[in-house]
Amino acid sequence: MTERQKPNHLRPTNLSRFLFGAPYYPEHWGEEEWRDDPDRMAQAHFNVVRIGEFAWDRMEPQEGQYDFSFFDEHIKRLAAAGIKTILCTPTATPPRWLTHRHPEVLRVDANGRRMEHGSRQHACHSSEVFRSYSRRITQAMAQHYQDNPNVIGWQTDNEFFCHFSECYCDSCRDAFQKWLENKYGDIAELNKCWGTAFWSLTFDSFDQVSLPYPQRPTYSNPAHLLDYHRFLSDAVIEFQKEQVELLRQANDQWFITHNGFFRNIDYRKFVQDLDFFGVDIYPMFHREQERPAATAFKLDATRSFGGNFIIPELQSGPGGQGDYLHSPPLPGQMRLFAYQAIARGCDGILHFRWRTCRFGAEEYWVGILDHDNQPRRRYREAIQEGEEFERIGSDVLGTVVRPNVGVLYDTGDPEMAHQALSHGLSSPSTNAKSIHGAWYKAGYNVGLIHPEDDISTCAIVILPSWPIVTAALAERLTSYVEQGGTLVITGRSGIKDENNNVLAVTPPGFLAELCGVKVEEGFRINEPELYPNHFTLAGEVVHQSEWLDRLEVTDATVVSVWTEGYHVGVPAVTSRQAGRGRCFYVSTFLDEAGMQALIPYLSETAGVSPLLKSLPEGVEVSVREGENYQIWFILNHRNVPAMVSDIPAGTDLLSGAEISSSVDLGGYGVAVVKVKKSQR
Ligand code: GAL
Ligand code: ZN
């Protein structure tokens, strides 16, 4: 078995070249279109396509009759033009013979509606029947392609949980009961951990436990719900693992990835089985103003799961389905999206999709080529990208982004516990997004970081209102602070145990000692006018947001107090030195404006500065670190020129120009400056 590095945010991919290409669907076309495809792709410097994720009906037209000749032929044609293939297991779209013969594999929603054959993602991962078909098609593909040198890697399925995650079918019920039995062993233990004394929920055996249906007739137990979300995540991880094992047995040299990411999956766990993760990026879902920060957040989140990644689908044209249709990316924007991704840890880009399909639910999801198969501006832009990536690829590969401001992020327990009982408050990931957005817009080297990662690489770490903080996590955070880190904890943290029950300890629970505060009263702000409105720190005003903790200081310094209304004069922000570092407690949620206001004070305390002294509006800077050099990505997200100064001296890998301290970027322009480390 090939040795694989464990996922962490500083892990490079194990790719030997920077990937560039597109998802390709030869099954949607005929000879007239196929004819020019390989050459046109080669002219755009493609080195890879992704094939097959929805083509099960083509590969196994009748049960047990496998026929891969169609794809063999295309893989061969493409290879002759220098283009390799990433294959996909086609399990997001089981064929009609399967769903007809086994309607029990179809998913069931919370209202008991069974899904139908007619779109996609309609089969359940918990169904043993479906799993056996998944293993069979995976095994057949793996065996057929194991010695094909033109197949370089795999994507499992397609966007697990993109449309559907909470399933209530019989297979899920049975599998959930088994999962619980496995976890608790004894039903008495489950009763204790779930607090079934409340509302007379006590179970006598695991087979009495039903799925937590929403509103039947009212709210479910949050412990029950949290376990259900964990179960959903584990079920899809198991489903994927079965595929991964078969693929690895067939050829251990293949890389295996998946394109995320969606609700209800603990992605840190999920990526353990992959070589690297993938994420699909469609920036046009966001409006111009929010697009750069929202996309940066998604890219950084992806990197937090397992390190550098690829983008199996990056938007090229306007996308549309059902009742919506995006505006088209303007000239230069598709390339800009690609560079933003690379700047934040992406090692391979496939633009969705090669050619716009003329039929189906996505007949207006526009690809590089138009419906009429004519190469136009997007194709010319792809050529430019391909030519550039070929030149810069070897410098980029092996380098990683090393943030010094880290926002803790975990799609597992913190997020799932919140979902189970949100009280209508912002979730940890929503708070992380606001906090990340503030630092991003202020031009800092901010990233997201999983709590199991080595957080000592960050000068500041922010815990964005996590209900569940275990003793183990509190210990790790304490040693981070003691070794010199600056930790910022925002309100309503550390209130719950791993079952989603409230701790017996006064909040912030296991963090109380580190923070030197106790929360006497923590409450949601429904009528803002009744409560203290703001506090001031280093001349900046921070307004209350959603939540307030009334603090009793046990062993900390009060840095600022609340002003106006009830609770006036009560500590708003406290600070406690522990070892060589410092821990701040902020007694409310931090929205973007609140975080923004605190940045000057916190960055000075922790000794971090923005990457550049000043940043024109709409310009993003991100740095990838190699052993002896850095690569500075300077990206203009606006369609007007921007002049960026004070960048370190180096060579612009795109233009070849020597940069001494400033660059002029056109609208949507990009500079990629390689800087030798000794010069910094
Ligand atoms: C992704 C999906 C693709 C395609 C694309 C455009 O979510 O993986 O198959 O549907 O969006 O809608
Ligand atoms: Zn199910």
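Just above, that's the structure.
Residues numbered from 1 in each chain as written. Chains lettered and ligands numbered in written order. Predicted model: local features only at pLDDT ≥ 70, side-chain atom pairs only at ≥ 80, totals over all residues. Heavy atoms only, no water.

Chemist: Whenever I open this one, the site of ligand 1 confuses me. Can you help?
Modeler: Around ligand 1 lies a shell formed by F54, R120, N158, E159, D280, Y282, E313, Q321, F352, E362 and W365. One of the side-chain N or O atoms of E362 is found 2.4 Å from an oxygen atom in ligand 1. Residue composition of the shell around ligand 1, by class: four nonpolar, two polar and five charged. (Near = heavy atom within 4 Å. Polar contact = N/O pair within 3.5 Å; in protein donor to acceptor, adjacent residues only side chain to side chain. Nonpolar A, V, L, I, M, F, W, Y, C, P; charged D, E, K, R; others polar.)

Chemist: Could you clarify how one ought to interpret the packing of aromatic side chains in this entry?
Modeler: What characterises a pair of aromatic rings is the spacing of the ring centres plus the angle enclosed by the ring planes. Applying the stated rule across the entire model yields 47 aromatic pairs. Measuring from centroid to centroid gives 5.3 Å for F18 and F389, while their planes differ by 55°, and the two rings are tilted. One end of the pair, F18, is in the segment before strand 1 (19-24); the other, F389, is in helix 13 (residues 377-396), and 371 residues separate them in sequence. Its relative accessible area of 7% is what places F18 among the buried residues. F389 gets classed as buried once you look at its relative accessible area, which sits at 3%. Taking the centre distance of 5.4 Å and the plane angle of 70° together, the rings of Y339 and F389 count as edge-to-face. One end of the pair, Y339, is in helix 12 (residues 333-343); the other, F389, is in helix 13, and 50 residues separate them in sequence. An aromatic cluster of at least three residues, connected via ring pairs, comprises W56, F130, F160, F239, F261, Y267, F270, F277, F297, F305 and Y409. A cation over a ring is seen here: R136 above Y133, with NZ or CZ 4.5 Å from the ring centre. (Phe/Tyr/Trp six-rings, centres within 6.5 Å; stacked < 30°, edge-to-face > 60°. Helix = DSSP H or I, 4+ residues; strand = E, 2+ residues; numbered from the N terminus. Buried < 20%, exposed > 50% of the residue type's maximum accessible area, 1.4 Å probe, protein only. Lys NZ or Arg CZ within 6 Å of the ring centre and 35° of its normal.)

Chemist: Mind showing me how you'd approach helix 16 (residues 471-482) here?
Modeler: Since one α-helical turn is 3.6 residues long, residues separated by three or four positions face the same way. Helix length check: helix 16 (12 residues) gives 16 Å between terminal C-alpha atoms against 16 Å at 1.5 Å per residue, within 8%. Restricting attention to buried positions, one finds in helix 16 the residues L473, A474, L477, Y480 and V481. For helix 16, the angular spread of the buried residues around the axis is 120°, confining them to a single face. Among the exposed residues of helix 16, those pointing more than 90 degrees away from its buried face are A472 and E475. Of the surrounding elements, those touching the buried residues of helix 16 are strand 12 (405-408), strand 14 (460-463), strand 15 (486-490), helix 17 (512-515), strand 21 (571-578) and strand 22 (581-586). (Expected span 1.5 Å × (residues − 1). Arc of directions from axis to C-beta. Contact = heavy atoms within 4.5 Å.)

Chemist: So what exactly am I meant to see when it comes to the coordination of the zinc ion (ligand 2) here?
Modeler: Six octahedrally arranged donors around a metal ideally form angles of 90 or 180 degrees; four tetrahedrally arranged donors ideally form angles of 109.5 degrees. Only C124 (SG), C167 (SG), C169 (SG) and C172 (SG) from the protein coordinate the zinc ion (ligand 2), and they sit 2.2 to 2.3 Å from it. Coordination of the zinc ion (ligand 2) draws on donor residues from a single chain, spaced C-x42-C-x1-C-x2-C in sequence. The burial state of C167 is the same as that of C172; both residues are buried. (Donors = N, O, S within 2.8 Å, 3.2 Å for Na, K, Ca; no water.)

Chemist: Mind showing me how you'd approach the sheet that holds strand 12 here?
Modeler: The strands making up a sheet are joined through hydrogen bonds of the backbone, oriented either antiparallel or parallel. Taken in spatial order, the seven strands of this open sheet run 13-12-14-15-22-21-20, and their pairing is mixed. With one partner strand each, in any of the chains shown, strand 13 (446-449) and strand 20 (557-561) form the two edges of the open sheet. For this sheet the average axis-to-axis angle between neighbouring strands, irrespective of direction, equals 20°. Across five bridges, strand 15 lies against strand 22 in parallel orientation. For T490, the partnering residue across the bridge sits in strand 22 and is V586. Running over the sheet, helix 15 (residues 428-441) touches strand 12, strand 13 and strand 14 and is turned about 155° from strand 13. (Pairing = 2+ DSSP bridges. Axes fitted to C-alpha atoms, helices over the stretch in contact; angles between N-to-C directions.)

Chemist: Would you mind showing me how to read the environment of S210 here?
Modeler: Relative to the assigned elements, S210 resides in the loop between helix 8 (187-194) and helix 9 (222-250). Its relative accessible area of 38% is what places S210 among the partly exposed residues. Note: C-alpha distance between S210 and E385 (175 residues apart in sequence) is 52 Å. In this structure, S210 is in contact with F176 and H224, ignoring residues within four places of it in sequence.

Chemist: Explain the pattern of salt bridges here, please?
Modeler: Pairing between side chains becomes possible if they bear opposite charge and their charged atoms approach one another. Taken as a whole and assessed by the stated rule, the structure comprises 43 salt bridges. When the shortest N-O distance is used, the salt bridge between E388 and R335 registers 2.9 Å. Within this pair, whereas E388 is found in helix 13, its partner R335 is found in helix 12, the two being separated by 53 residues in sequence. Judged by relative accessible area, R335 falls into the buried class, the value being 10%. By sharing partners, the salt bridges in this structure join R4, R248, D252 and D275 into a single network. (Salt bridge = Lys/Arg side-chain N within 4 Å of Asp/Glu carboxyl O.)

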